[in-house]
Amino acid sequence: MLLSFSRLCRLKAIQDRIKLSPNKRRKFYFFIHRLTGFWPNPFKLKFYEIAFTHKSTNKTENNERLEFLGDAILNASIAEILFKKFPDFQEGMLSKIRADLARRELLNTIAEDLGIIKWINCSHRINVSQTHIPGDVVEAIIGAISITKGQKQAFRFIENRIANSQNINNSIETINSISKNYKSQIIEYSQKSKEEIHFETSSQHGNDKQNTFSSIVTLNMHIVGHGEGKTKKEAEQVASLDALLKMPIRNKES
């Protein structure tokens, strides 16, 4: 298909602005275009390079700050998408779907599907595919998009790549397949796998002088889930659900 003259002019201008860049950086620029759907400003490409830079490189700038920003935008955007898409869903169900869509395992899968992993800059001693680093990079990319193009563009990226209809439907199916007694489910799992399970729940005073509870679930001394609630039971249920969504038991039918 022939490109319009104005389109060709824009492409030529972009190429002229990056023609002095090393070949690898030029390829990275076009990868970001394919990933995001827009042409990033070449002079702001450094934000995306930082988004792909893990702290293990010991470089002055790494992606931790962008990851922090992206994580906040991701959760807020998913909440807005679900709020508008499901007007009949109550807060509890919306929270469960949001937690499932933002979990690191899904973000890791998305990173692999989008070809993000091969561009990650980290220590050669790290096997990236066996870590949470790819998911962290996805969040850092969201932060970079927000900084360079604004939160509306970051929202579109999240809507198209993460909180799309297929992922939302998969999340709802998964949540519905897990029985409501999440704590009993995780205890049963620990017994079958012969792993030691422990719940650590504490109360905190909120600004409204009402107590809130925070709970952590550990299996063999490893944290596998956490959650908060207005009661100890609610906090432990949320923490148990968080753990179940990350484990093979999540595929068990109720």
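What you see is a predicted model; the values in this text were computed from it and never measured.

Undergrad: I keep staring at the overall build of the protein chain and nothing clicks. Help me out?
TA: Counting secondary structure elements, the protein chain contains 11 helices and 3 strands. Reading the secondary structure of the protein chain in the N-to-C direction produces α-α-α-α-α-α-α-α-α-α-β-β-β-α. Classification of the 254 residues of the protein chain by burial places 42% in the buried group. Sequence-distant contacts, at least 24 apart, represent 55% of the contacts inside the protein chain between residues at least 6 apart. Total accessible area computed for the protein chain in this model is approximately 15300 Å², and 51% of it derives from carbon and sulfur atoms.

Undergrad: In this structure, what is going on with the pattern of salt bridges? I would like to understand it.
TA: As a working rule, side chains carrying opposite charge can pair if their charged atoms are close by. Within the structure shown, the criterion is met by 8 salt bridges. Linking Arg-104 and Asp-136 is a salt bridge whose minimum nitrogen-to-oxygen distance equals 3.0 Å. Here Arg-104, found in helix H6 (residues 104–113), pairs with Asp-136, found in helix H7 (residues 133–149); they are 32 residues apart in sequence, far enough to count as distant. In this structure, Lys-192 engages Glu-188 in a salt bridge whose closest nitrogen and oxygen atoms are separated by 3.1 Å. With Lys-192 and Glu-188 both in helix H10 (residues 182–193), this residue pair falls 4 residues apart, about one helical turn. For Lys-192, a relative accessible area of 64% translates into the label exposed. Given a relative accessible area of 27%, Glu-188 falls into the partly exposed group. Here the salt bridges share partners, and the residues they tie into one network are Arg-104, Asp-136 and Glu-139.

Undergrad: In this structure, what is going on with helix H9 (residues 165–177)? I would like to understand it.
TA: Since the α-helix packs 3.6 residues into each turn, any two residues three or four apart lie on the same face. With 13 residues, H9 extends 18 Å from end C-alpha to end C-alpha; this agrees with the ideal 18 Å at 1.5 Å per step. Of all the positions in H9, only Asn-167, Ile-168, Ser-171, Ile-172, Thr-174, Ile-175 and Ser-177 are classed as buried. Close packing links the buried residues of H9 with helix H4 (64–85), helix H5 (91–101), H6 and helix H8 (151–161).

Undergrad: Would you take a moment to explain the packing of H5 against H9 for this structure?
TA: It is the contact of H5 with H9, at a shortest axis distance of 9 Å, that shows an interaxial angle of 115 degrees. In this structure, H5 crosses over H9, and the sense of that crossing is right-handed. Along its contact with H5, which presents Met-93, Lys-96, Ile-97, Asp-100 and Leu-101, the element H9 presents Asn-167, Ile-168, Ser-171, Ile-172, Ile-175 and Asn-176. Looking at side-chain class alone, the contact of H5 with H9 contains 6 nonpolar, 3 polar and 2 charged residues.

Undergrad: In this structure, what is going on with the environment of Gly-92? I would like to understand it.
TA: Looking at the element boundaries, Gly-92 is found in helix H5. Each C-alpha atom, one on Gly-92 and one on Val-238, is 9.6 Å from the other, the two residues being 146 residues apart in sequence.

Undergrad: Help me understand the side chain of Glu-139, please; the structure alone is not making it clear to me.
TA: Note that Glu-139 resides in helix H7. What makes Glu-139 buried here is its relative accessible area of 2%. Every residue in contact with Glu-139, bar those within four places of it in the chain, is listed here: Leu-66, Glu-67, Gly-70, Asp-71, Leu-74, Arg-104 and Leu-107.

Undergrad: Sorry, what's going on with H4 here?
TA: Counted at 1.5 Å a residue, the expected span for H4 with its 22 residues is 32 Å, and the 31 Å between its end C-alpha atoms agrees. Of all the positions in H4, only Leu-66, Glu-67, Gly-70, Ile-73, Leu-74, Ser-77, Ile-78, Ile-81 and Leu-82 are classed as buried. Projection of H4 onto a plane perpendicular to its axis shows the buried side chains occupying an angular sector of 160 degrees, all on one side. The exposed residues of H4 that point more than 90 degrees off its buried face are Arg-65, Phe-68 and Phe-83. Structurally, H4 contributes buried residues whose contacts are with helix H3 (45–51), H5, H6, H7, H8 and H9.

The rules we used
Residues numbered from 1 in each chain as written. Predicted model: local features only at pLDDT ≥ 70, side-chain atom pairs only at ≥ 80, totals over all residues. Heavy atoms only, no water. Helix = DSSP H or I, 4+ residues; strand = E, 2+ residues; numbered from the N terminus. Buried < 20%, exposed > 50% of the residue type's maximum accessible area, 1.4 Å probe, protein only. Contact = heavy atoms within 4.5 Å. Areas by Shrake-Rupley, 256 points an atom, 1.4 Å probe, with all protein chains shown as cover. Salt bridge = Lys/Arg side-chain N within 4 Å of Asp/Glu carboxyl O. Expected span 1.5 Å × (residues − 1). Axes fitted to C-alpha atoms, helices over the stretch in contact; angles between N-to-C directions. Left-handed = near helix turned anticlockwise from the far one by under 90°. Nonpolar A, V, L, I, M, F, W, Y, C, P; charged D, E, K, R; others polar. Arc of directions from axis to C-beta.

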